[in-house]
Amino acid sequence: MAPLVLLPSLYLLLLAAPLAISTNSEGEALHALRTRLSDPRGVLQSWDPTLVNPCTWFHVTCDDHNHVIRLDLGNSNISGPLGPELSQLQHLQYLELYKNNFEGKIPEELGNLKNLISIDLYENRLHGSIPKSFGKMKTLRFMRLNNNKLTGSIPRELAKLSNLKVLDVSNNDLCGTIPVDGPFPTFPFQSYENNSRLNGPELQGLVPYDFGC
Amino acid sequence: MATASSKNIEFQGRALLQWKATLQTQHLLNTWTFQTSPCNWTGVTCRGSLLSHRDHHHFMPTITRIQLSQMGLEGKLETLNFSALPSLRVLNLTANNLHGSIPAAISSLSKLIYLDLSDNNQISGSIPSSLGPIPTEIGNLLNLRDFDISNNQIIGSIPKAIGNLTKLEIFSAIINNINGPLPNEMANLTNLIKLQLGNNNLSGNIPQDLAKGGLLQNLSLIYNNFEGHIPVSLKNSTNLIRVRLEGNQFTGDISESFGIHPLLDYIDLSFNRLSGTLSQSWGACLNLTSFKISGNMITGEIPVEISQMPKLQLLDISSNKLVGNIPREFRRLSYLFHLNMSNNQLSGTIPPEFGDLSSLKILDLSRNKLSGKIPIQIENCFELDLLSLSNNDLSGAIPFQLGNLKLHRVLDLSDNLFTGEVPTQLSKLTELQMLNLSHNELVGRIPSSFQLMRSLTSIDLSYNFLDGPVPQSKIFRRAPIEWFIHNKGLCGEVQGLPPCAPSSWESRDKKITHRNKVIIWVIIPTASILFLLFLIAAIILPYCKRKKHTATETAEVVNGGIFTIWNFNGKEAYKEIIEATENFDDKYRIGVGGYGTVYVATVSSGETFAIKKIHKIEDQASEQAFRNEIQALTQIRHRNIVKLYGFCSTNEFNFLAYEYMERGSVGAILRTQRELLFLLSCCISHLPLGDIGTLLADFFSQDSLNVDGYYNSLLSFIDQAVEEGFIPSARHIFVSASNAKELVKKLEEYSPCHEGVASIFELGSHEKRTWTP
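Computed from a predicted structure; not experimentally measured.

Definitions and cut-offs
- The numbers attached to residues start from 1 for each chain and follow its sequence in the written order.
- Here chains are named by letter from A upward and ligands by number from 1 upward, in the order in which they appear as written.
- In view of the model being predicted, local features appear only for residues whose pLDDT reaches at least 70, and side-chain atom pairs are presented and counted only at 80 or more, with totals across whole chains, interfaces and linings using the full set of residues.
- Side-chain measures were taken over the full set of non-hydrogen atoms in the model, leaving aside hydrogen atoms and water.
- Under the scheme used here, helices are H or I runs from DSSP no shorter than 4 residues and strands are E runs no shorter than 2 residues, and both carry numbers assigned from the N terminus.
- Only protein chains enter the area calculation, which uses a 1.4 Å probe; residues under 20% of their type maximum are buried, those over 50% are exposed, and those in between are partly exposed.
- Between two residues, a contact is recorded if the distance between any of their heavy atoms is within 4.5 Å.
- For the area figures, the Shrake-Rupley method with a 1.4 Å probe applies, and any residue is considered shielded solely by the protein chains shown.
- UniProt positions are given in the numbering used here, feature names are shortened, and annotations may be inferred rather than shown by experiment.
- Any carboxyl oxygen of Asp or Glu within 4 Å of a side-chain nitrogen of Lys or Arg constitutes a salt bridge here.
- The rule is short: rings of Phe, Tyr and Trp, with Trp giving its six-membered ring, pair when the centres are within 6.5 Å, and they are stacked under 30 degrees, edge-to-face over 60, tilted in between.
- Nitrogen and oxygen atoms within 3.5 Å of one another constitute a polar contact, given that in protein one can donate a hydrogen and the other can accept it, and given that sequence-neighbouring residues count only through two side-chain atoms.
- To form a nonpolar core, buried Ala, Val, Leu, Ile, Met, Phe, Trp, Tyr and Cys residues must be joined to one another through side-chain atoms within 4.5 Å.
- What counts as a domain boundary in this text is fixed by an automatic or database domain assignment.
- Positive: Lys, Arg. Negative: Asp, Glu. His and the chain ends are not part of the count.

1. Let's talk about the overall build of chain A
Reasoning step 1: When helices and strands are counted, chain A shows three helices and twelve strands.
Reasoning step 2: When each of the 213 residues of chain A is scored for burial, the buried share is 56%.
Reasoning step 3: Put simply, 48% of the contacts in chain A that link residues at least 6 apart link residues at least 24 apart.
Reasoning step 4: Total accessible area computed for chain A in this model is approximately 8600 Å², and 50% of it derives from carbon and sulfur atoms.

What follows is the structure in structure tokens.
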């Protein structure tokens, strides 16, 4: 790195050094997602994969080092499945995909997003269960998965999310019991309503319970 | 042999093998062997070429392309003997780990059309990683059309000889350490379609006749130190599609460099020192989706013609010196999702037509001189996610219609002249993360419904004229004082604010509806009443309290019950119970449980209660457990479970009043009370009112769980246990726990007590079984 030290311009150091990684993995990840989606409103039309990074794409926000930190696609009439490639956006903080027609399962790989602050997948057509890997999102503050077709139980692992302020899983088809540890006692009952098979707080202790969930 | 045939395919192959031998990653080229023809090697393409030698015609294959992209090759470029490859047209070595310099010998590739050495940057390490400067000899590659050396830590400056490459269409050298100016000779590159030199250390003036051929489509010079004027040759460049010049020190009038560009899709001129005005001709850029010119010295008014750009999605003209009104015609920009005009000197009002901007997600008009009111039509911007109007001269009341928006990120109205009260409807913004209303002239209370704004991470109400209590929710309680300073008379639990005096604290604001239709919360709000009221049916003189009297002088019997709300006298209730148990004398003790002792108390009205007295322990956890117990129990409506009537908290102990169940029967009086649930607090004055308030506030403001939904599991467990005989004497179960886990534990450890009340539940006498309801 000796030649770099000779450079007079400090900001160029800041720009050049983090850009040392040559591949545009974040742009490629987003492009891979886009190819599977149907986008009648053309919201993703600016997503040009030949550009050096996705930071000038509409509805994508990057930080000063050209890493994607926000994806704002709420209310865009987009349909299609989510995919594991979203987990390659390692600096992602806000994943806003609410009010669309996303279908299929919530990818487990999203749990690898270690910087995520907000995940809003509400009002879509997602099915399957809430991934246990979501318990790894330690910085998460907002998780809104309501109004989908999610099944299965609320993973106990979510009790590890000590920063979680808002949880909404209402209007799904969840079953089993609600965890009582961690942040769960702070969530109002509206967070869980309209899950007809959801059975209330879990019974810990001597009597093991099986609800056939 | 003639020179031409001496460079036959074997010779060319040998040169490549010699190069391979210098690489650290030879295994990646394992198809490159002496035994096979080079034309079959990975990444090597041959073409037949007709060679004439005297009167012999030989058809000879020759290497025309070497394409080894993204292979991870490690080594030097200069060890490749370029002179051995006279027919090479394409050399693509992008995304490898080559280092060293680009050798002068590259000039022997006279037929080269396409040269891509990009992304050969070494990530780190002590190996010298720069690809050195661009050699002057590059000017000899007269056929070169596509030249890409991006992302390589190239140093030095661009050689003048580059002007010789008149066929050059694409020149990309982004993300390097190239310095110096652009040579004037670059104006000879009249066939340029794409010029990308961003993220370097280039400086000086750009040749003013750059790309005068008018074929230029893509120009990106971002984040260099360029100065002087943007080339005037761009004005006639009608083929421009994408222009990025942000982050330089360009000066001059933008209208000298830009005119009408019908194909222009994206232009960013931000963070320069450009001047002039926004010309009407921008309106003729019918394909423009993104127009950014933030951080310059643009003057004049916003031309109406801007609104004629039918495809405009992002408009950022912030941080300039624009004046005048915001054109109403902006309503036509139906695809506009991001509008930033902040930090200018715009005046006039916010057009109500902004309500037509149905795609708008981000609206920032802060730091201008806008006046008038916020148009209520703004509520039609359904997708608005961020709204900032701060630092203007806006006045009037904050429209309650803002509560109809679905703001997630920011609502910032600070530093204006807003008057009136804070609309309670803002509490509908349950996804809002940041709210700033500071530095205004707002009066009245902070709506207590603000505690419903669960997503708030920051709220600033400082520098207003607000008074009254701060709402009770976690974010407010933990708030720093800076969020509230300089108001008229705010009080509450924030550190730094005075506590609220009783007369100023109202429970009126709390309107909680409970989903369970069986439970009716009755709260009588009056200024002087801090707690719920209950009526003492018949106050009997102390010496008569054990007998059943029906007459009373001081209280009424309503609905035949002692616990009715219409009149409240907490001290009386407490007194009743103390008297009924002779200050918790042992002769009234009927049992001992996990947390405390249970007494029977028959009050003057004849009703009997089981009073569980809990010794007050000085730690938070027990206090919390106490509160949890109340909450848990008050939910339960079940034939097998005792009903809680109320609790009392004093400085020495807490006690809970449960219904008293005689073996096998239910008090007739109590049955009528089934549908009413009361929370009462009777307190001795030394308990600070704030504590009680908090207790009640927590209790009321915390949404309670619907017992039908959420305790079904618990109740069915108990039902099953009763049916199977596991728990005898169902009616006498004494259940009290903060959660199910503790409940089970207590059920198991509950010790025998008075036959009239608590059940006798002994684990030992029954076979321990596991249950699967």
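Once the structure has been displayed, the description carries forward.
2. Thoughts on unusual backbone geometry
Reasoning step 1: In this structure, N171 of chain A is a non-glycine residue whose phi angle is positive, near 55 degrees.
Reasoning step 2: If you trace the backbone, N171 of chain A turns up in the loop between β10 (166-168) and β11 (175-178).
Reasoning step 3: One non-glycine residue, R367 of chain B, lies in positive phi territory at about 55 degrees.

3. Observations concerning the side chain of K20 of chain B
Reasoning step 1: Assignment of secondary structure puts K20 of chain B in helix α2 (residues 9-22).
Reasoning step 2: If near-sequence neighbours (up to four positions away) are discounted, K20 of chain B is found in contact with Q26, L29, N30 and W32 of chain B.

4. A look at the UniProt feature "domain: Disease resistance R13L4/SHOC-2-like LRR" (unreviewed entry) in chain A
Reasoning step 1: Per the UniProt record, the feature "domain: Disease resistance R13L4/SHOC-2-like LRR" (unreviewed entry) sits at residues 85-171 of chain A.
Reasoning step 2: Annotation note: span residues 85-171 of chain A, helix share 0%, strand share 29%, distance between end C-alpha atoms 27 Å.

5. Some remarks on the pattern of salt bridges
Reasoning step 1: Per the counting criterion, the structure on display carries 14 salt bridges over all chains.
Reasoning step 2: We note a salt bridge from R36 of chain A to E85 of chain A, for which the minimum N-O separation is 2.7 Å. Of the two residues, R36 of chain A sits in the loop between α3 (25-35) and β1 (60-62) while E85 of chain A sits in the loop between β3 (79-81) and β4 (94-96), which places them 49 residues apart along the sequence.
Reasoning step 3: Taking relative accessible area as the criterion, R36 of chain A reaches 33% and is therefore assigned partly exposed.
Reasoning step 4: One salt bridge in this structure joins K587 of chain B and E582 of chain B, with 3.2 Å as the shortest N-O distance.
Reasoning step 5: Classification of K587 of chain B as exposed rests on a relative accessible area of 55%.
Reasoning step 6: When salt bridges that share partners are traced, they join R70 and D72 of chain A together with D385 and R409 of chain B into one network.

6. Focus: the packing of aromatic side chains
Residue and element names in this part refer to chain A.
Reasoning step 1: The tally for this structure, following the rule as stated, stands at twelve aromatic pairs over all chains.
Reasoning step 2: Arranged with centres 4.9 Å apart and planes meeting at 5 degrees, the rings of Y98 and Y122 form a pair that is stacked. With Y98 in the loop between β4 and β5 (101-105) and Y122 in the loop between β6 (118-120) and β7 (125-129), this residue pair connects regions lying 24 residues apart in the sequence.
Reasoning step 3: Take Y98: its relative accessible area is 11%, and that puts it in the buried class.
Reasoning step 4: By relative accessible area, which is 5% here, Y122 ends up buried.

7. Considerations on the environment of N487 of chain B
Residues and elements named next belong to chain B.
Reasoning step 1: With respect to the element layout, N487 can be found in the loop between α4 (474-477) and β33 (489-491).
Reasoning step 2: Given the relative accessible area of 18%, N487 is considered buried.
Reasoning step 3: In this structure the C-alpha to C-alpha distance between N487 and I175, which are 312 residues apart in sequence, comes to 52 Å.
Reasoning step 4: For N487, the contacting residues outside a window of four places in its chain are L461, S462, Y463, N464, F465 and L466.
Reasoning step 5: Here the side chain of N487 touches F465 through a polar contact of 3.3 Å, landing on its backbone nitrogen.

8. Points about the nonpolar core
Residue and element names in this part refer to chain B.
Reasoning step 1: F171, F354 and F484 are the most contacted members of the largest nonpolar core, which has 133 residues in total.
Reasoning step 2: Among the secondary structure elements, those contributing two or more residues to this core are α2, β1 (44-53), β2 (56-67) and α4.
Reasoning step 3: Broken down by element, this core gets its largest block of residues, four residues, from α2.
Reasoning step 4: Summarising the domain contributions, this core has at least three residues from each of domain 1 (1-180) and domain 2 (347-500).

9. Details of the side chain of D364 of chain B
Residues and elements named next belong to chain B.
Reasoning step 1: Of note, D364 is situated in strand β23 (residues 362-364).
Reasoning step 2: Buried and unpaired, D364 has R367 as its nearest opposite-charge partner, separated by 7.3 Å.
Reasoning step 3: At 2.6 Å, the side chain of D364 forms a polar contact with the side chain of S366.

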